[in-house]
Amino acid sequence: GPVAIITIDRPGARNALDHAAEAALAEAAERMARDDAIRIGVLTGANGTFCAGADLSEMAVKGSVYKAWAGADGPLSNRPAKPLIAAVEGYAVAGGLGVALWADMRVASESAVFGVFCRRFGVPMSDGTPTRLPRVVGQGRALDMLLTGRPIHADEALRIGLANRVVAQGKAFETALEMAHQIAAFPPLAMMADRQAALEAFDQPEPIALVNEAEGAYAAKTQEAQAGAARFAAG
């Protein structure tokens, strides 16, 4: 239907991403963007783990240069063009945290653990986390996670806003899929305009952001809103 399902499946590495898997993840998001029948995606990990980060066995090869996941041309540099919900079971740590933050929302099971676990190995978070995490949880909480590398379990993730929902173990994907279908049923122009305004909210001064918000809403007002208002007025 209108929901794309993207699954990270590298069981030998707890779904850690090597270069090929990073590229495949970015390509999956691009395919979702190109398909007019798809309105939203759910990103999950196979076998009870979301993503354990970068595959450090690749980075450990002497002389190798591990390119940043986010930056000028990294696979996570740009947000997916359409909404994406991360369904998190088990670990979403190091680069896996960056992958979860790449999504719009995070549904976490009670087993979920987030954290900058690569802190202990001297590996920097060049996956978008230092930029995106403060926007989600605030600068103070982000610095706590980035500097200490401590684990953040599901209950704390919900409390600080890192997780949007916490559900029973094994239910993250089911819940995220249900949410995705609910969102996909809404008129798309208004939803996408509001999403874009929220994603850009911290990128410019408020007066400029408000102008952009109004301009972005114009198509929805002219193409969707009048019909929706008529339905509301009719009861």
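Coordinates for the structure precede this section.
Attention in this report is confined to the structure presented alongside it. (Residues numbered from 1 in each chain as written. Predicted model: local features only at pLDDT ≥ 70, side-chain atom pairs only at ≥ 80, totals over all residues. Heavy atoms only, no water.)

### A closer look at the overall build of the protein
Here is step 1 of the chain: When helices and strands are counted, the protein shows nine helices and eight strands.
Here is step 2 of the chain: Against the compact-globule benchmark of 18 Å for 235 residues, the protein has a radius of gyration of 18 Å, which places it among compact chains.
Here is step 3 of the chain: Its C-alpha atoms give the protein principal-axis dimensions of about 65 × 40 × 35 Å.
Here is step 4 of the chain: By the burial criterion, 43% of the 235 residues in the protein qualify as buried.
Here is step 5 of the chain: For the protein, the share of sequence-separated contacts (at least 6 apart) that also reach a separation of at least 24 residues comes to 72%.
Here is step 6 of the chain: Carbon and sulfur atoms make up 56% of the accessible area of the protein, which amounts to about 12300 Å² in all.
Here is step 7 of the chain: The distance from the centre of the 22 positive side-chain charges to the centre of the 26 negative ones in the protein is 3 Å. (Helix = DSSP H or I, 4+ residues; strand = E, 2+ residues; numbered from the N terminus. Rg over C-alpha atoms; globule rule 2.2 N^0.38 Å. Buried < 20%, exposed > 50% of the residue type's maximum accessible area, 1.4 Å probe, protein only. Contact = heavy atoms within 4.5 Å. Areas by Shrake-Rupley, 256 points an atom, 1.4 Å probe, with all protein chains shown as cover. Lys, Arg positive; Asp, Glu negative; His and termini not counted. Charge placed at Lys NZ, Arg CZ, Asp CG, Glu CD.)

### Remarks on the packing of helix α8 (residues 188-199) against helix α9 (residues 206-233)
Here is step 1 of the chain: Across the interface, α8 lies against α9 with an axial gap of 8 Å and an inter-helix angle of 175 degrees. Relative to α9, the element α8 is oriented roughly antiparallel. Counted together, P188, L189, A190, A193 and A197 of α8 and E213, G216, A217, A219, A220, Q223 and E224 of α9 form the full contact between these two elements.
Here is step 2 of the chain: Here the residues of the contact of α8 with α9 sort into eight nonpolar, two polar and two charged. (Axes fitted to C-alpha atoms, helices over the stretch in contact; angles between N-to-C directions. Parallel < 35°, antiparallel > 145°, perpendicular 65-115°, else oblique. Nonpolar A, V, L, I, M, F, W, Y, C, P; charged D, E, K, R; others polar.)

Read these as geometric descriptors, not functional statements.
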